[in-house]
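Results of the structural survey
Below, each chain spelled out in residue letters.
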Amino acid sequence: MTSTDSKTTGAAAAAPILQIKDLNVTLRKEQELIPILHHVNLTVHAGEIVGLVGESGSGKSMTASAVTQLLPGGSKSLQGSINFCGEELTTKSEKEMAHYRGKEIAMIFQEPMTCLNPVFTVGQQLEDVICTHQHLQGGEAHARAIAMLENVHIKEPEKMLKAYPYELSGGMRQRAMIAIALSCSPKLLIADEPTTALDVTIQAQILGLVKEAADKAGAGVIFISHDLGVIAQVCDSIAVMYSGEIVEAGTAVEVLTTPRHPYTKALLAAIPGFTPKGAERLELCAIPGMVPDPREHMDGCRFAPRCSVCGENCTAKHPPLHVAGDGRSVCCWKEAEAGDTAITAS
Amino acid sequence: MTLPLLRLENVDKVFVKKTMMGKKSYIHAVRGITLDIQRGEALGIVGESGCGKSTLASLIIRLETLTRGKIILDGTDVTSLKEKDLRPLRRFVQIVFQDPYSSLSPRMTVEEILTEPLKIMTKLSKAEMHAKVTALLELVGMNASCLDRYPHEFSGGQRQRISIARALTTEPEILILDEPTSALDVSVQAQVLNLLNDLRQKLHLTYIFISHNLAVVKYISDRTAVMYAGQIVELGPSEKIMLEPLHPYTRELIAALPAVGKKLKPLTKAADMTENVAQERGCPYQNRCPLVDLRCKSERPPLAQFEPGHFLACWGVTKS
Ligand SMILES: Nc1ncnc2c1ncn2[C@@H]1O[C@H](COP(=O)(O)OP(=O)(O)OP(=O)(O)O)[C@@H](O)[C@H]1O
Ligand SMILES: Nc1ncnc2c1ncn2[C@@H]1O[C@H](COP(=O)(O)OP(=O)(O)OP(=O)(O)O)[C@@H](O)[C@H]1O
Ligand code: SF4
Ligand SMILES: [Mg+2]
Ligand SMILES: [Mg+2]
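Definitions and limits used
- Residues numbered from 1 in each chain as written.
- Chains lettered and ligands numbered in written order.
- Predicted model: local features only at pLDDT ≥ 70, side-chain atom pairs only at ≥ 80, totals over all residues.
- Heavy atoms only, no water.
- Contact = heavy atoms within 4.5 Å.
- Buried area = accessible area lost by both parts, 1.4 Å probe.
- Salt bridge = Lys/Arg side-chain N within 4 Å of Asp/Glu carboxyl O.
- Helix = DSSP H or I, 4+ residues; strand = E, 2+ residues; numbered from the N terminus.
- Nonpolar A, V, L, I, M, F, W, Y, C, P; charged D, E, K, R; others polar.
- Core = buried A, V, L, I, M, F, W, Y, C linked by side-chain atoms within 4.5 Å.
- Buried < 20%, exposed > 50% of the residue type's maximum accessible area, 1.4 Å probe, protein only.
- Domains from an automatic or database assignment.
- pLDDT = per-residue confidence, 0-100.
- Near = heavy atom within 4 Å.
- 1 Å grid on protein atoms, 1.4 Å probe; cavity = no way out; pocket = protein on both sides within 12 Å on 5 of 7 lines; lining within 4 Å.
- Sits in = over half its atoms within 2 Å of the grid points.

**What to know about the interface of chain A and chain B**
Across the boundary between the two partners, chain A contributes 54 residues, which contact 46 residues of chain B. Roughly 4,300 Å² is buried in total at the junction of chain A and chain B, and carbon and sulfur atoms are behind 61% of that figure. Seen at the junction of chain A and chain B, the total is zero salt bridges. Broken down by element, the residue count for the side of chain A that touches chain B peaks at 10 residues, all from helix α8 (residues 200-215) of chain A. Here the residues of the side of chain A that touches chain B sort into 28 nonpolar, 13 polar and 13 charged.

**Thoughts on the nonpolar core**
Ranked by size, the top nonpolar core spans 68 residues in total, and within it Phe223, Leu228 and Ile238 of chain A carry the most contacts. The dominant element in this core, judged by the number of residues it contributes, is helix α7 (residues 170-182) of chain A, at eight residues. Residue assignment places this core across two domains, with domain 1 (3-104 + 186-345) and domain 2 (112-185) of chain A each supplying three or more. The residues contacting Leu228 of chain A, other than those within four sequence positions of it, are Val53, Ile238, Leu256, Thr264, Leu267, Leu268 and Ile271 of chain A together with Val260 of chain B. Within the second largest apolar cluster, 60 residues are counted, among which are Ala204 of chain A together with Cys146, Ala190 and Leu193 of chain B.

**Comments concerning the confidence of the model for chain B**
Residues and elements named next belong to chain B. Of all residues in chain B, 92% have pLDDT values of 70 or greater, and the mean over the chain is 88. In the predicted structure, residues 269-276 sits below a pLDDT of 50 and forms 25 contacts with residues beyond four places in sequence or in another chain. Scoring of the predicted complex yields 0.85 for pTM and 0.77 for ipTM.

**Things to note about the site of ligand 3**
Residues and elements named next belong to chain A. The immediate surroundings of ligand 3 are formed by His261, Pro262, Cys301, Phe303, Ala304, Cys307, Val309, Cys310, Cys314, Cys332, Trp333 and Lys334. Comparing atom positions with the cavity grids shows ligand 3 to sit within the second largest cavity. Residues belonging to the shell around ligand 3 are distributed by class as follows: 10 nonpolar, one polar and one charged.

**Examining the pattern of salt bridges**
All names here are of chain A. Under the definition given, this model contains 29 salt bridges over all chains. Across the pair Glu32 and Arg295 runs a salt bridge whose closest N-O atoms are separated by 3.3 Å. In this pair, Glu32 sits in strand β2 (residues 32-44) while Arg295 sits in the loop between α11 (262-269) and α12 (312-316), placing the two residues 263 residues apart along the sequence. Owing to a relative accessible area of 37%, Glu32 belongs among the partly exposed residues under this scheme. The class for Arg295 is partly exposed, based on a relative accessible area of 42%. In this structure, Glu335 and Arg260 form a salt bridge, with 2.8 Å as the shortest nitrogen-oxygen distance. With Glu335 in helix α13 (residues 333-338) and Arg260 in the loop between α10 (252-257) and α11, this residue pair connects regions lying 75 residues apart in the sequence.

This is the structure:
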């Protein structure tokens with residue numbers, strides 16, 4: 001664990017690559033206002049992998065879309081600040097944003113075919129990105145493309161360059177997409193459920209590639225998943241999202257070993273793992289119910305209807321955010337009721 | 001040992017594909033599978049994408065015809081039954097698929113979805129059917145108010161409950177679950193897995209549970225079969241498979257399982273475009289196997305008993 005610690009402290013000294021502060025996003029559909037994100041704070045340093053975890057509909061992809069300014073169409077309101085390497089992204093025009101996307105901020109997704117064009121070979125697509133963003137030509141671009149594929153541990157890069165996406169297996173396609181995403185040495189990589197559709201063996205390889213992008217190339221990474229088991233393997237720090245809010249955040253080691261929010265605890269208990277030999281088959285701890293619709297207004301904690309330790313305060317008033325000195329933050333009444341050592345922010 | 005409820009004998013499936021040049025290519029999706037499933041047992045089948053798990057399921061419910069081999073259901077050979085004689089089998093063996101979004105017809109209400117198999121397979125009156133589907137919905141943890149709603153109005157986990165209820169309408173003995181939770185969030189997956197364990201006890205069902213995640217399979221099944229390239233490479237009590245795996249492929253699967261508190265292994269340069277192509281000669285796993293030897297390249301290892309109840313197809317693993 002020491003390596004993770006020294007890395008986080010080392011990185012913390014430098015200015016972060018991405019700093020999201022008090023971000024609120026509301027979508028307007030027809031006449032209806034849909035509040036999607038509430039008071040989201042997130043910081044990513046160079047070489048750091050930040051896990052964003054939560055169930056379907058908790059707002060993980062929307063947070064990523066806010067960073068790239070690719071929120072779904074229609075009118076929307078966005079409040080708060082998204083600072084990327086000293087630049088405020090919330091006030092950038094679409095044209096200015098296009099300059100960041102794919103170059104300084106790269107994205108990989110669950111379904112590689114959303115990024116790959118089926119009618120061009122991997123080589124054409126990779127070299128095209130390298131030509132436009134890095135202004136390399138012909139032989140140089142080709143050499144760079146080969147190097148990028150070697151980077152993602154493709155054994156026969158020449159063969160891969162000539163292949164069409166449909167000729168590749170799911171895992172190989174995912175690698176091709178990662179090679180394209182990393183080809184412009186992005187400062188920030190957003191990985192939205194990049195392994196959810198894959199077999200465990202291939203998943204392990206892809207996780208390894210993401211880790212290398214952070215360790216070797218020094219990219220900051222936002223890694224999105226609904227599976228804390230996956231997040232646990234690659235992330236330095238973790239933010240747990242629920243219904244548009246970050247309910248707990250901290251270093252990976254702390255959040256995973258001493259989860260404090262009831263939702264984090266429940267997510268951990270839901271992962272099927274090893275039961276010790278001879279032990280009874282344990283009931284998996286399912287979380288009853290589901291994430292509330294963002295349109296649903298709630299006075300209290302948004303997790304209260306599903307929470308096993310929900311008390312009186314919980315349904316009456318939104319819990320305050322508890323920020324401890326070590327960067328751990330928890331948004332839960334139980335924390336507020338018990339804790340007098342921590343600083344309470346609203 | 002008592003007569004198995006389901007017996008597969010040397011089951012083979014070869015798909016024939018016409019290539020663009022008019023030539024034929026063959027995919028040997030299932031290869032020489034022999035397996036006994038006892039009444040009340042939950043058998044897990046695990047293996048990576050394309051190893052033939054779903055094909056094996058389609059063969060058992062006879063959505064596909066066998067290329068070779070026999071299927072014996074409760075003592076009766078059903079291998080060559082004609083379509084019209086398959087009705088008892090269809091009633092006896094039901095299947096739940098992975099994708100709760102595409103496996104339920106979007107234009108039918110939940111009540112219509114649930115009564116459809118009853119209309120085909122039974123002679124129940126309308127009132128009887130209504131009572132039955134209401135009870136079924138309750139059994140899977142949903143209430144009768146859902147009956148006149150459409151599938152798109154439900155979440156993934158709820159749709160999977162509806163799929164399970166539909167599979168149970170004909171009171172099957174065997175339920176095949178083909179990746180029933182792979183499309184679901186971990187939290188919802190836990191709900192569905194708990195429901196399945198619950199139903200198995202209440203209804204004394206026999207399960208064939210298919211997944212690519214060993215941890216999930218272990219949670220449901222008593223015995224686990226590990227498939228690679230159409231063959232069973234290891235078969236034994238789920239606990240043994242998880243904690244003391246023998247086959248190098250099973251070990252690879254377990255090493256790759258994500259878990260809290262487990263560190264990622266450093267990457268090796270293993271990937272190439274042919275890594276997963278099974279060999280026609282010798283062991284199907286030889287290209288990826290750390291224990292590969294000359295014999296592995298020339299002779300196919302048979303599935304043989306390694307210790308009581310634990311079977312293995314590998315030349316490299318020997319008793320020490
Ligand atoms: N185009 C849209 N219009 C209106 N609401 C939307 C739109 N896209 C998403 N939402 C809503 O925003 C909320 C957050 O969605 P988001 O896609 O960020 O979830 P997520 O955490 O990424 O989930 P998943 O794991 O399913 O990808 C959800 O309640 C969703 O219904
Ligand atoms: N109808 C078909 N025609 C031709 N080939 C097929 C057909 N169905 C399956 N196959 C091939 O048979 C092999 C086994 O496929 P199968 O769907 O059984 O795998 P699986 O283990 O269920 O994989 P997954 O985990 O992806 O569902 C694959 O190579 C597949 O391409
Ligand atoms: S605030 Fe209350 S309801 Fe919300 S998570 Fe904490 S204990 Fe549960
Ligand atoms: Mg998403
Ligand atoms: Mg399948």
